[in-house]
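# Chains, contacts and geometry: an overview
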Amino acid sequence: MFITFEGGEGVGKSTQIALLATRLRAAGFEVTTLREPGSSTVSEAIRAILLDPAHAGLSARAELLLYEAARAQLTAECVRPALQAGGVVLCDRYCDSTTAYQGYGRGLALSEVQALNAVATGGLVPDVTIVLDLPVAEGLRRAQATAAPDRLEQEESAFHERVRAGFLALAAAEPQRIQVIDAGQTRGDVARAVMDVLTPLLDIPQKTTTGTA
Ligand code: TMP
């Protein structure tokens, strides 16, 4: 089972992935957690290029191809082997981020972005995608509370609004695969909403409660 988490800046994807991984491992699943761009040596090197604020002059097409190169390597080196071994793969971002950021955000043709997504992945599509949705200002505030803004976070808020609208448009177009969860709830409520989406798909044993009735 290939599960991806998506959304704008500061929506809490990595926190939710960590919580879910713990829960699934406790239930006996073999879980691999990955992030995009990154998680393989080559893809982490590409990530450093992409997020460095010194690279403000990177063209939209070069940016697109670097994200796709990082993804091609991650897919071949990490995602496919883990799935073939029968595990659950949790990935922090995947192709939908490219459609949202480089397509909707940068304004590159969606057909071109989606064609390159298919080239990079060899046609691999997540079984389930969770979009964590949050107003742009709140997400940027959360993201920048802990670290200096990277090259993407430094984009104007109109860019991030287009990205958010892009994720919601993707979810509306593919309601079977993509579920939107309100990331403005507490961390625990978001985690429960994630489990509500996944429990019927993964056959996760329910937590047992003991006590007197
Ligand atoms: P993050 O993993 O900390 O969210 O940083 C990744 C950044 O890269 C984030 O701003 C989203 C952006 N991004 C794209 O623009 N296109 C992509 O395809 C991916 C995977 C990420």
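What you see as residue numbers is a count from 1 along each chain, following the sequence as written. Local features are withheld for residues below a pLDDT of 70 in this predicted model, meaning they are given only at 70 or higher, and side-chain atom pairs are given and counted only at 80 or more; totals for whole chains, interfaces and linings count all residues. With hydrogens and water stripped out, all remaining heavy atoms of the structure feed into the side-chain values.

Moving on to empty space enclosed by the protein. Buried and open spaces are told apart on a 1 Å grid over the protein atoms alone, a cavity being a set of points where a 1.4 Å probe fits but cannot get out and a pocket being an open set with protein on both sides within 12 Å along at least five of seven lines. Residues with an atom within 4 Å of a point are the lining residues. Grid points are joined across faces, edges and corners, and a volume is the space filled by probe spheres set on the points. Under the definition given, this model contains one cavity of 30 Å³ or more. For the largest cavity, the calculated volume is near 130 Å³. As for the largest cavity, its lining consists of 15 residues, of which G8, E9, L134, V136 and R164 are closest to the centre. Basically, the charged four are Asp, Glu, Lys and Arg, the nonpolar ten are Ala, Val, Leu, Ile, Met, Phe, Trp, Tyr, Cys and Pro, and anything else, Gly included, counts as polar. Counted by class, the lining of the largest cavity contains eight nonpolar, four polar and three charged residues.

This part is about the environment of A145. When you line up the elements, A145 lands in helix α6 (residues 136-146). Summary of the burial criterion: residues with accessible area below 20% of their type's maximum are buried, those above 50% are exposed, and those between are partly exposed, where the area comes from a 1.4 Å probe applied to protein chains only. Classification of A145 by relative accessible area gives exposed; the value is 61%. Elements are defined by DSSP. Helices are runs of H or I of four residues or more, strands are runs of E of two residues or more, and each kind is numbered from the N terminus.

Relative to the elements of secondary structure, R47 occurs in helix α2 (residues 41-51). E44 provides the closest opposite charge to the buried, salt-bridge-free R47, at an N-O distance of 4.5 Å. In this structure R47 touches R35, E36 and P37, once residues within four positions along its chain are discounted. Under the convention used here, Asp and Glu are negative, Lys and Arg are positive, and both His and the chain ends fall outside the count. Between Lys or Arg on one side and Asp or Glu on the other, a salt bridge is scored when a side-chain nitrogen of the former is within 4 Å of a carboxyl oxygen of the latter. Contacts between residues were defined by any pair of non-hydrogen atoms, one from each residue, lying within 4.5 Å.

Ring pairs are drawn from Phe, Tyr and Trp, using the six-membered ring of Trp, whenever the two centres fall within 6.5 Å, and their geometry is named by plane angle: stacked under 30 degrees, edge-to-face over 60, tilted for the rest. Within the structure shown, the criterion is met by three aromatic pairs. Between F2 and Y94, the aromatic rings sit 4.9 Å apart at their centres with planes inclined by 85°, giving edge-to-face as the arrangement. In this pair, F2 sits in strand β1 (residues 2-7) while Y94 sits in the loop between β3 (88-92) and α4 (95-105), placing the two residues 92 residues apart along the sequence. The class for F2 is buried, based on a relative accessible area of 0%. Here Y101 and F167 contribute two aromatic rings whose centre-to-centre distance is 6.2 Å and whose plane-to-plane angle is 75°, an arrangement assigned as edge-to-face. Taken together, the positions of Y101 in helix α4 and F167 in helix α7 (residues 157-173) put the pair 66 residues apart, joining distant regions of the chain. By relative accessible area, which is 6% here, Y101 ends up buried. Taken together, the ring pairs connect Y101, F159 and F167 into an aromatic cluster. The side chain of R71 reaches across the aromatic face of Y94, ending 5.4 Å from its centre. Lysine NZ or arginine CZ positioned within 6 Å of the ring centre and within 35 degrees of the ring normal marks a charge as sitting over the ring.

This part covers the sheet that holds strand β2 (residues 31-35). The rule for pairing is simple: two strands pair if DSSP sees at least two bridges between them. The five strands are arranged β2-β3-β1-β4-β5 in an open sheet whose pairing can be described as parallel. With one partner strand each, in any of the chains shown, β2 and β5 (178-182) form the two edges of the open sheet. Between one strand and the next, the sheet's axes are offset by a mean angle of 20°, whatever the strand orientation. Here strand β4 (residues 128-133) runs beside β5; their pairing, made up of five bridges, is parallel. Paired with L132 across the strands is I181, a residue of β5. Axis lines are fitted to C-alpha atoms, over the contacting stretch for helices. Their N-to-C directions set the angle, which ranges from 0 to 180 degrees.

Mapped onto the secondary structure, A54 falls in the loop between α2 and α3 (60-84). Here A54 falls in the exposed class, since its relative accessible area comes to 63%. For the pair A54 and D150, spaced 96 residues apart in the sequence, the C-alpha separation amounts to 9.5 Å.

Among the 14 residues in the neighbourhood of the ligand, the closest are listed as E9, Y67, R93, T98 and Q102. Two N or O atoms form a polar contact when they lie within 3.5 Å of each other; inside protein one atom must be a possible hydrogen donor and the other a possible acceptor, and for residues adjacent in sequence the pair counts only when both atoms belong to side chains. The side chain of Q102 places a nitrogen or oxygen atom 2.8 Å from a nitrogen atom of the ligand. Only the protein chains shown count as covering a residue, and every accessible area follows the Shrake-Rupley method with a 1.4 Å probe. Burial of the ligand by the protein amounts to 92% of the accessible area it has alone, namely 470 Å². Whether a molecule sits in a cavity or pocket is decided by its atoms, more than half of which must lie within 2 Å of the grid points. For the ligand, the cavity whose grid points lie within 2 Å of the majority of its atoms is the largest pocket. Sorting the residues of the shell around the ligand by element identifies α2, α3 and α4 as the ones contributing at least two each. For the shell around the ligand, the leading source of residues is α4, giving four residues. Think of it this way: one heavy atom of a residue within 4 Å of a molecule or strand is enough to make that residue near it.

Honestly, that's just the spatial picture; any functional story needs more than this.
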